[in-house]
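Single-letter residue listing:
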Amino acid sequence: MVAGISVCSRSGPGRLAALLAALLLMACGGGGGDASDGGSSTPPPATQPSGNEPKPTRDQAFRFLTQATFGPTEAEIQSVMTLGYGPWLDQQFAKPAVSHRALWDAADARIRAADPTPGAGQREVLDGFYRQALSGEDQLRQRTVFALSQIFVISMQGSEVGDHERGVAGYLDMLGANAFGSYRQLLEQVARHPMMGIYLSHLRNQKENPATGRVPDENFAREVMQLFSIGLVQLNADGTVRKDAAGKALETYAGEDISGLAKVFTGWSWYGPDTSDARFWGGSSKTQDVDRQWQPMQAYAQFHSASEKRFLGQTVAAQTGAPASLKTALDALAGHPNVAPFIARQLIQRLVTSNPSPAYVQRAAAAFGGAGDMKALLRAVLLDDEARKAELAADPAFGKLREPVLRLTALLRAFGARSDSGSYLIGATDDPGTQLGQTPMRAPSVFNFYRPGFVPPNSLMAAQGLAAPEMQITHETSIVGYANYLRSGVDRGFGQSGLDGKATRRDVQPDYTQVLTLAAQPAALVDEVCQRLLGPQANAAFKRELQTAVESVVVPTLKADGSNKTQVDTALRNRVLAAVLLSAVSPEFVVQK
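Bear in mind that the values here come from a model prediction, so they are computed numbers and not experimental data.

1. Looking at the overall build of the protein chain
The helix and strand tally for the protein chain stands at 27 helices and ten strands. In terms of overall dimensions, the protein chain is globule-like: its C-alpha atoms have a radius of gyration of 25 Å, near the 25 Å expected for 593 residues. Along the longest, intermediate and shortest principal axes, the C-alpha atoms of the protein chain span 90 × 65 × 45 Å. Counted over contacts in the protein chain with a minimum sequence separation of 6, partners at least 24 positions apart contribute 71%. Split by element, the accessible area of the protein chain, about 23200 Å² in all, is 53% carbon and sulfur.

In structure tokens, the structure reads:
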């Protein structure tokens with residue numbers, strides 16, 4: 001228990017009940033489903049900073065870093081205030097990536113040195129993720145990787161991918177290597193990655209066989225269009241839906257496009273020094289290349305469809321090989337006019353706001369351009385007026401629900417959390433009733449944890465045509481589960497107790513050293529906690545309420561002989577824990593503005 005605060009019941013007291021009410025108040029009207037082209041009213045054309053603007057204030061830097069990183073830290077706030085937005089982005093673009101696979105390999109070697117039987121697994125993939133999220137210097141790259149992993153989804157939930165943990169670490173590296181490059185290259189790397197090949201079943205996909213009735217697997221062909229590139233319906237340059245004269249949305253592709261494209265993705269399988277049938281099928285571990293889990297799939301001509309392939313207005317002539325067929329297909333997808341607004345809108349949603357105006361989407365899409373410039377897109381998303389003007393945060397339609405993983409990373413970064421083992425052993429947090437209800441790289445399906453157009457059923461948001469993607473995993477159980485998970489973690493730390501599970505405390509520990517010096521001064525303590533966690537979202541009313549809660553934790557007067565020092569220290573610490581916990585479960589923290 002933290003300072004007498006219990007959140008075991010579904011109702012929960014004080015700020016916990018307020019959090020539940022605030023989030024569920026979004027669901028009190030009619031409708032539901034997916035928002036197609038809703039959003040706030042179109043503003044005048046926006047501009048990006050020219051380089052001559054005043055340096056950001058502390059509040060502005062805090063808000064920017066909430067969007068661009070896994071959570072503001074004092075050092076990064078000072079960096080943005082000193083450099084300005086653009087130079088800070090330039091610095092981030094230039095930072096080298098740290099390899100998730102290298103971290104996994106190091107963990108695997110350490111484990112096998114002690115016992116050659118088990119080896120590293122999924123937890124070591126997550127260790128690398130949290131190490132980079134919490135302490136990595138390439139914050140923008142890693143934050144973008146997390147966003148891309150929710151667009152180009154693979155998942156360790158099932159054993160098919162889950163048993164290839166080194167490959168998943170390699171998939172994260174692949175996303176990082178392409179996060180600031182070209183979309184066309186990213187799309188090819190995704191299409192040829194063996195983990196995607198396993199997840200969407202185009203690894204070992206065979207050509208058609210009229211004699212047996214076998215046809216190529218269509219899974220990846222369908223999803224590469226629907227989820228990774230052009231979407232289901234045709235879009236205008238601003239992301240709004242194109243419609244026919246009768247007002248019906250125009251579809252981007254039909255069944256025959258899926259069938260034609262599926263032929264392109266035949267004959268691709270494991271990387272290796274030859275293209276034998278045995279290597280295509282997998283063979284024994286002794287004959288397979290040791291790096292096949294992360295090296296791009298290679299073409300096997302004997303399994304590739306030699307028939308004509310028609311899709312999206314393209315025709316690939318009969319007898320065309322797998323590499324040439326793939327190039328034609330990916331060029332067609334990457335060059336489709338839908339791609340720019342489709343990808344731009346989703347990156348805006350992941351980083352800034354769930355309901356960007358059409359004008360915002362169009363400006364970001366224009367920066368992305370026909371070349372699919374990911375770096376230019378990120379710069380446009382983060383520097384646009386709609387992202388930077390603080391007054392827009394007052395618009396009820398602006399902002400986004402912060403997903404559980406990002407709430408945790410923001411909290412831990414705000415209080416300089418460190419790992420006792422150096423491995424950041426937070427692990428899987430799937431359970432919505434007792435944990436976060438979300439684990440990186442463990443989405444329940446290719447549709448991610450939530451859909452980009454999700455609208456809470458029977459809600460005011462539905463009535464207003466507003467999307468709230470993260471609300472798809474937000475409900476009464478997950479809210480109370482999150483609060484209970486934090487109640488324990490804020491007090492005792494997070495994750496496993498050491499590499500062997502036998503340490504005296506949990507591995508990831510927030511550092512309260514500095515805030516503890518303010519515990520005897522409730523107003524100063526509240527200011528410090530709010531400055532670290534909430535930034536400009538800490539309004540006066542919230543601070544008054546939080547100070548009242550802190551003051552309710554009575555600190556006894558220290559006796560002259562010091563005999564009650566333990567009780568005094570405990571009370572002071574409980575004040576800090578109460579301030580941190582109540583801030584971290586507040587709507588002011590959970591809703592990113």
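So, next bit.
2. Description of helix α13 (residues 255-264)
Of the positions making up α13, those classed as buried are D257, I258, G260, L261, A262 and V264. Contacts from the buried residues of α13 go to α12 (219-226), β2 (268-269), β4 (309-311) and α15 (322-334).

3. A short note on the packing of helix α4 (residues 85-94) against helix α18 (residues 374-383)
Where α4 contacts α18, the two axes come as close as 11 Å, and the packing angle between them is 145°. Relative to α18, the crossing made by α4 is right-handed. Along the contact surface, α4 presents Y85, G86, L89, D90 and F93, while α18 presents K375, L378, R379, L382 and L383. Split into classes, the residues belonging to the contact of α4 with α18 amount to six nonpolar, one polar and three charged.

4. Here we look at the environment of A179
Within the secondary structure, A179 is located in the loop between α9 (165-178) and α10 (183-192). Considered as a pair, A179 and A380 are 201 residues apart in the sequence and their alpha carbons are 14 Å apart. Apart from residues lying up to four places away in sequence, A179 is in contact with R141, T144, L148, M374 and L378.

5. Details of the packing of aromatic side chains
For the structure on display, the rule yields 17 aromatic pairs. An aromatic cluster is defined as three or more aromatic residues linked by ring pairs; in this entry it consists of F70, F129, Y130 and F146. A cation sits over an aromatic face here: R292 above W270, 3.9 Å from the ring centre. Its guanidinium or amino end placed over the ring of Y85, R388 lies 5.1 Å from that ring's centre, counting from NZ or CZ.

6. Re the environment of L382
Along the chain, L382 turns up in helix α18. Take L382: its relative accessible area is 0%, and that puts it in the buried class. Distance in space between the C-alpha atoms of L382 and W294 is 31 Å, their sequence separation being 88 residues.

7. A closer look at the nonpolar core
F64, F152, Y171, F228 and L261 are the most contacted members of the largest nonpolar core, which totals 94 residues. Grouped together as the second largest cluster of nonpolar side chains are 58 residues, M471, A483, F494 and L525 included.

8. Topic: the side chain of Q298
Within the secondary structure layout, Q298 lies in strand β3 (residues 298-299). In this structure Q298 comes out as buried when scored by relative accessible area, which is 13%. Polar side-chain contacts of Q298 include one of 2.7 Å to the backbone oxygen of D274. Once residues lying within four places of it in the same chain are set aside, the contact partners of Q298 are R192, G267, W268, S269, W270, Y271, G272, D274, T275 and R279.

9. Here we look at the pattern of salt bridges
Summed over all chains, the structure comprises 27 salt bridges. A salt bridge links K95 to E137, with the shortest nitrogen-to-oxygen separation between them at 3.8 Å. Of this pair, K95 sits in the loop between α4 and α5 (100-114) while E137 sits in the loop between α6 (122-135) and α7 (139-149), and the two are 42 residues apart along the sequence. The partner of D274 in a salt bridge is R279, with the nearest N and O atoms 3.0 Å apart. Judged by relative accessible area, which is 33%, D274 ranks as partly exposed. Under the relative-accessibility criterion, R279 is labelled buried at 7%. In this structure, a network of salt bridges that share partners links the residues R184, E188, R192, K327 and D331.

10. Describing the environment of K375
Considering the arrangement of structural elements, one finds K375 in helix α18. A relative accessible area of 32% places K375 in the partly exposed class. The sequence separation of K375 and F93 amounts to 282 residues, and the corresponding C-alpha distance is 7.9 Å. If sequence neighbours within four positions are ignored, K375 has contacts with F93, F180 and G181.

11. Looking at the confidence of the model for the protein chain
The predicted structure's coordinates, where accompanied by low pLDDT, should not be read in detail. Residues of the protein chain with pLDDT of at least 70 account for 91%, and the chain-wide mean is 93. Taken as a whole, residues 24-32 scores under 50 in pLDDT and shows 27 contacts with residues more than four places along the chain or in a different chain. pLDDT under 50 marks residues 37-44. Its contacts with residues more than four places away, or in other chains, come to 23 contacts.

12. A few points about helix α22 (residues 476-492)
Look at α22: 24 Å from first C-alpha to last across 17 residues, which is about the 24 Å you get at 1.5 Å a residue. With respect to burial, α22 is a largely interior element, 13 of its 17 residues being buried. One or two positions beyond α22, positive phi appears at G493, with a value near 95°.

What counts and what doesn't
Each chain carries its own residue numbering, running from 1 in the direction its sequence is written. Owing to the predicted nature of the model, reporting of local features is limited to residues with pLDDT of at least 70; listing and counting of side-chain atom pairs is limited to 80 or more, with chain, interface and lining totals taken over all residues. Side-chain measures were taken over the full set of non-hydrogen atoms in the model, leaving aside hydrogen atoms and water. Numbering goes from the N terminus for both helices and strands, where a helix is a DSSP run of H or I of at least four residues and a strand is a run of E of at least two. Radius of gyration here is computed from C-alpha atoms only, and the compact-globule reference equals 2.2 Å multiplied by the residue count raised to the power 0.38. Throughout, a residue-residue contact means that at least one pair of heavy atoms, one from each residue, lies within 4.5 Å. Using a 1.4 Å probe, accessible areas were evaluated by the Shrake-Rupley method; residue-level cover was limited to the displayed protein chains. Think of it in three bands: with a 1.4 Å probe and only protein chains considered, a residue is buried below 20% of the maximum accessible area for its type, exposed above 50%, and partly exposed in between. An axis is simply a line fitted to the C-alpha atoms; with a helix, the fit covers only the stretch in contact. Between two such axes, the angle follows the N-to-C directions and lies from 0 to 180 degrees. Rotating anticlockwise by less than a right angle from the far helix to the near helix defines a left-handed crossing, while the corresponding clockwise rotation defines a right-handed one. Residue type decides the class: Asp, Glu, Lys and Arg count as charged, Ala, Val, Leu, Ile, Met, Phe, Trp, Tyr, Cys and Pro as nonpolar, and the leftover types, Gly among them, as polar. Each pair of aromatic rings taken from Phe, Tyr and Trp, with Trp reduced to its six-membered ring, is defined by centres within 6.5 Å and is described as stacked if the planes are under 30 degrees apart, edge-to-face if over 60, and tilted in the remaining cases. In our convention, an over-ring charge means Lys NZ or Arg CZ found within 6 Å of a ring centre and within 35 degrees of that ring's normal. Residues grouped as a nonpolar core are buried Ala, Val, Leu, Ile, Met, Phe, Trp, Tyr and Cys residues, joined through side-chain atoms within 4.5 Å. Any N or O atom pair separated by 3.5 Å or less is treated as a polar contact, with the protein-specific requirement of one donor-capable and one acceptor-capable atom, and with residues adjacent in sequence counted only for side-chain atom pairs. Salt bridge, as used here: a side-chain nitrogen of Lys or Arg that lies within 4 Å of a carboxyl oxygen of Asp or Glu. The pLDDT score gives, residue by residue, the confidence of the prediction method on a 0 to 100 scale. Here a helix's expected span is defined as the number of its residues, less one, multiplied by 1.5 Å.

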